Structures are given as structure tokens and as C-alpha cells.
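Structural overview
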Amino acid sequence: MQWTPTRHARNGAVEVAYDRLEGAQGEPLLLIMGLATARFWWPAGLCEAFAAAGFAVARYDQRDAGESTRLPETATGNPFRALFGKRGEAYTSEDMVDDAIAVLDALGWQRAHVFGHSLGGVIAQRIALRHPDRVLGVTSSAALPSDVSGLRVLRYLRPGLLARLARAKFPPGREGDIEAALTVWRGIASPGYPFDEDAARAWVEADVDSGPRDKKAQSRQIGARWHGPKLRELRRPTLVLHGEQDPLLRVHAARVTARTVPGARLVTFPGVGHDLPAALWTTVADEVRDLASITRV
């Protein structure tokens, strides 16, 4: 299967890049990637597993990532300061949520399942809170509870890897972007599963993304404040996934999310880090398929 050419949806002045998996038919499924990373970070094999499970699959770049609009620089260029700051400088999380709705509109999808990973998981939760009429079901993977902010985030973080990534230096240009992406991939990889360095390098070189070292963009995204409903008000069928060896977020984050959302199902994976290893792609797709069956009851 191949992806359609890049298209753009519009939310005000922001153009949101998206594409759709050609030949995939079924219930709409929108994929949302994490902090300042492009839609190309979704594993092709996982997307094909979703298609095999009966989903029409689309993915998009959040603002300040990939081929979507990059916003003007702000004073804060340190993601930690942006995360723990009292207000966002560039835009709100509601703006980021509405970007996803613009993509649904452009696709002609009145309602869809949303699957978000890392920061994308937070956005997926918030889509269902802000626009419940547009959401069939929510899958939140390796994510924080959507209404946690400020210093309360610390109870869920594992700061070691974040600190190492923040200190890492890379050469300018394409080679630096490649090394930055590989460093992130090595850091978040699942300790219980083999890491294929050659495959990762080939994939990264094919879709170079400057996001892993664009701290300005990371700061704008992570600093976007949420003013919407509390997580306990989420009323769409919800699946919460988390790796038990996640080096960025403690599994406690997933447990809190699942405990807070009425009826949510929690699935944790031994030996899994902050990624979605190939051995689990069919399992993850089957879990989302099971969630989709709830929406038809």
C-alpha cells in the first residue's frame, strides 16, 4: 500500500499536512504523532495492520511539525520551561485539537476513531472532550492524562532520557537531523524487543525530520495550554496503551488515564518502551478493532 500525495487542510492561517493510505477501506481512523515529529514516524507496518483490521487510515502533521505550518518563534526555546510555564506563548491546545477537526473535514469524515501516540495521545483525548460528536473511539498510547499540567507532570515523568536528549548536540544540516532522529529512536526503543539499527537508519534517511532537535517547535507545542473539559468528562469508548518499560513516562500515567475515563480499557505491554515495536503491530490493531466494535453496540 502507498500513501496519497500530501494534501493540506486549513484551520485559520494554519495549513495542516495530511495523507491517506490508498486502498484502505472501512471505519475512519486518524493517527496523531507526538511532540514535534512528522506523520512519517508512524510505522508503515502498523498502518497496514490497521488497514487489514478494517480501517480507512489517515495521518497528519500537527502544527509546528512535518509539512504543516511552522509558527513564528517565541521567547521560550526550552521545552522544559514551556512545559512548566503558566501560559502558552504561541497558541492553545484547543487550536491543536481544531487542526485535527480541519483534517476530518477535508477528508469528508463526519466521525472517526482517533489514535494518538505520546503528545498525540493527549491531543486524541482532547479531541474527544472538545468535539465528542466527531469521535467514534479514542486510543491513547504512551501519553499523559490530558488534564495534567505544570508541576503535576513531574509525577509521571522519567527525566533521565529527556535530560540526555536535551543536552545532545548534533551537526548542522541533514546529517545532524538523521543523527538526532536515530538518537531519539535508540532512546525510546523497547528493551524487551530487538532494535534493528540498520532498518531504523534506512527509514530515518528516507524521511528526514528536523523535529527531534527543533526545540523552538517543541516548546510551542508542549507549552500550548488546555482550557477545556476535565478528563473525567470524556464519554467516548477509550483504549489506553502503555509500555511497562517506557523511559519517558511512567506506566502510572496510563493507569490514571484509564481510571479517570469511565469504562476505559487499559493494556500494558511488558518489555515495551516509548515506541510501538513490530512484534505488537497486529496486537495493537486488534485492540483498536475490539474498541471499534464497542461503538457499534
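As shown above, the structure is provided for reference.
First, a word on what this report is: a plain description of the structure on this page. Bear in mind that the values here come from a model prediction, so they are computed numbers and not experimental data.

A look at the overall build of the protein
When helices and strands are tallied, the protein shows ten helices and eight strands. For the protein, the C-alpha radius of gyration of 17 Å lies close to 19 Å, the compact-globule estimate for 297 residues. Seen through its principal axes, the protein has C-alpha atoms that stretch 50 × 40 × 40 Å. Burial status across the protein gives 55% buried among its 297 residues. Taking contacts inside the protein between residues at least 6 apart in sequence as the whole, the part at least 24 apart equals 77%. As displayed, the protein offers around 12,500 Å² of accessible surface, 51% of which is attributable to carbon and sulfur atoms. For the protein, the distance from the average position of its 38 positive side-chain charges to the average position of its 34 negative side-chain charges is 8 Å.

Brief notes about the nonpolar core
One finds Phe50, Tyr60, Phe115, Ile127 and Val284 to be the most contacted residues of the largest nonpolar core, which totals 90 residues. Once you skip the residues sitting within four places of it in the chain, phenylalanine 50 turns out to touch Leu29, Leu31, Phe55, Val57, Phe115, Val284, Ala285 and Val288.

Regarding the pairing of strand 8 (residues 265-269)
For a regular strand, side-chain orientation follows a simple rule: the groups alternate between the two sheet faces. Of the strand pairs in this sheet, strand 7 (residues 238-243) and strand 8 are connected by five bridges, and their pairing is parallel. Across the sheet, residue valine 240 finds its bridge partner in strand 8, namely leucine 266.

Observations concerning helix 9 (residues 252-260)
Buried residues of helix 9: Ala253, Ala254, Val256, Thr257 and Ala258, and no others. At its buried positions, helix 9 is contacted by helix 4 (119-130), strand 7 and strand 8.

With respect to the pairing of strand 3 (residues 27-32)
Counting buried positions along strand 3 yields six of six residues, so the element is predominantly enclosed. In this sheet, strand 4 (residues 55-60) lies alongside strand 3 in parallel orientation, the contact comprising six bridges. Looking across to strand 4, one finds that leucine 30 is bridged to alanine 58. Crossover handedness for the path strand 3 to helix 1 (residues 44-52) to strand 4: right-handed. Note that strand 3 and strand 5 (residues 112-117) share four bridges and pair parallel. Paired with isoleucine 32 across the two strands is glycine 116, which belongs to strand 5.

Describing the sheet that holds strand 2 (residues 14-20)
One open sheet holds the eight strands; their spatial order is 1-2-4-3-5-6-7-8, and the pairing between them is mixed. A single partner strand is all that each edge strand has here, and the edge strands are strand 1 (7-11) and strand 8. Going across the sheet, the axis of each strand differs from the next one's by a mean of 25 degrees, ignoring polarity. Its contacts with the sheet put helix 3 (residues 93-107) on strand 1, strand 2, strand 3, strand 4 and strand 5, and the angle it makes with strand 1 is roughly 130 degrees.

Brief notes about the pattern of salt bridges
Applying the stated criterion to the full structure yields 17 salt bridges. Aspartate 214 is paired through a salt bridge with arginine 70; the nearest N and O atoms lie 2.9 Å apart. Linking aspartate 214 in the loop between helix 7 (197-206) and helix 8 (215-222) with arginine 70 in the loop between strand 4 and helix 2 (79-84), this pair joins segments that are 144 residues apart in sequence. Residue arginine 186 is joined to glutamate 197 by a salt bridge in which the shortest nitrogen-to-oxygen separation is 2.7 Å. Here arginine 186, found in helix 6 (residues 173-188), pairs with glutamate 197, found in helix 7; they are eleven residues apart in sequence, far enough to count as distant. Salt bridges linked by common partners bring Asp19, Arg39, Arg59, Asp61 and Glu67 together as one network.

Observations regarding the packing of aromatic side chains
Under the counting rule described, the total for this entry stands at three aromatic pairs. A network of ring pairs unites the aromatic residues Trp42, Phe50 and Phe115 as a single cluster. The ring of tryptophan 3 has arginine 59 sitting right over it, with the charged end atom 3.6 Å from the ring centre. It is arginine 63 that lies over the ring of tyrosine 91; its NZ or CZ is 4.9 Å from the centre.

Quick look at the environment of aspartate 207
Mapping aspartate 207 onto the fold places it in the loop between helix 7 and helix 8. Given the relative accessible area of 27%, aspartate 207 is considered partly exposed.

Describing a positive patch on the surface
On the surface, a cluster of positive charge is made up of Arg152, Arg155, Lys230 and Arg232. Looking at arginine 152, the relative accessible area reads 39%, which means it is partly exposed.

As for unusual backbone geometry
The backbone of alanine 36 sits at a positive phi, close to 55 degrees, despite the residue not being glycine. Residue placement: alanine 36 occurs in the loop between strand 3 and helix 1. On the accessibility criterion, alanine 36 (0% relative accessible area) is buried. Even without glycine at this site, alanine 142 takes up a positive phi of about 55 degrees. Looking at where alanine 142 falls in the secondary structure, it is placed in the loop between strand 6 (135-141) and helix 5 (159-167). Judged by relative accessible area, alanine 142 falls into the buried class, the value being 2%.

Criteria and thresholds
Residues numbered from 1 in each chain as written. Predicted model: local features only at pLDDT ≥ 70, side-chain atom pairs only at ≥ 80, totals over all residues. Heavy atoms only, no water. Helix = DSSP H or I, 4+ residues; strand = E, 2+ residues; numbered from the N terminus. Rg over C-alpha atoms; globule rule 2.2 N^0.38 Å. Buried < 20%, exposed > 50% of the residue type's maximum accessible area, 1.4 Å probe, protein only. Contact = heavy atoms within 4.5 Å. Areas by Shrake-Rupley, 256 points an atom, 1.4 Å probe, with all protein chains shown as cover. Lys, Arg positive; Asp, Glu negative; His and termini not counted. Charge placed at Lys NZ, Arg CZ, Asp CG, Glu CD. Core = buried A, V, L, I, M, F, W, Y, C linked by side-chain atoms within 4.5 Å. Pairing = 2+ DSSP bridges. Right-handed = clockwise from strand over helix to strand, strands pointing away. Axes fitted to C-alpha atoms, helices over the stretch in contact; angles between N-to-C directions. Salt bridge = Lys/Arg side-chain N within 4 Å of Asp/Glu carboxyl O. Phe/Tyr/Trp six-rings, centres within 6.5 Å; stacked < 30°, edge-to-face > 60°. Lys NZ or Arg CZ within 6 Å of the ring centre and 35° of its normal. Patch = residues over 30% accessible without salt bridge, like charges linked within 9 Å, V, L, I, M, F, W, Y side chains within 5 Å.

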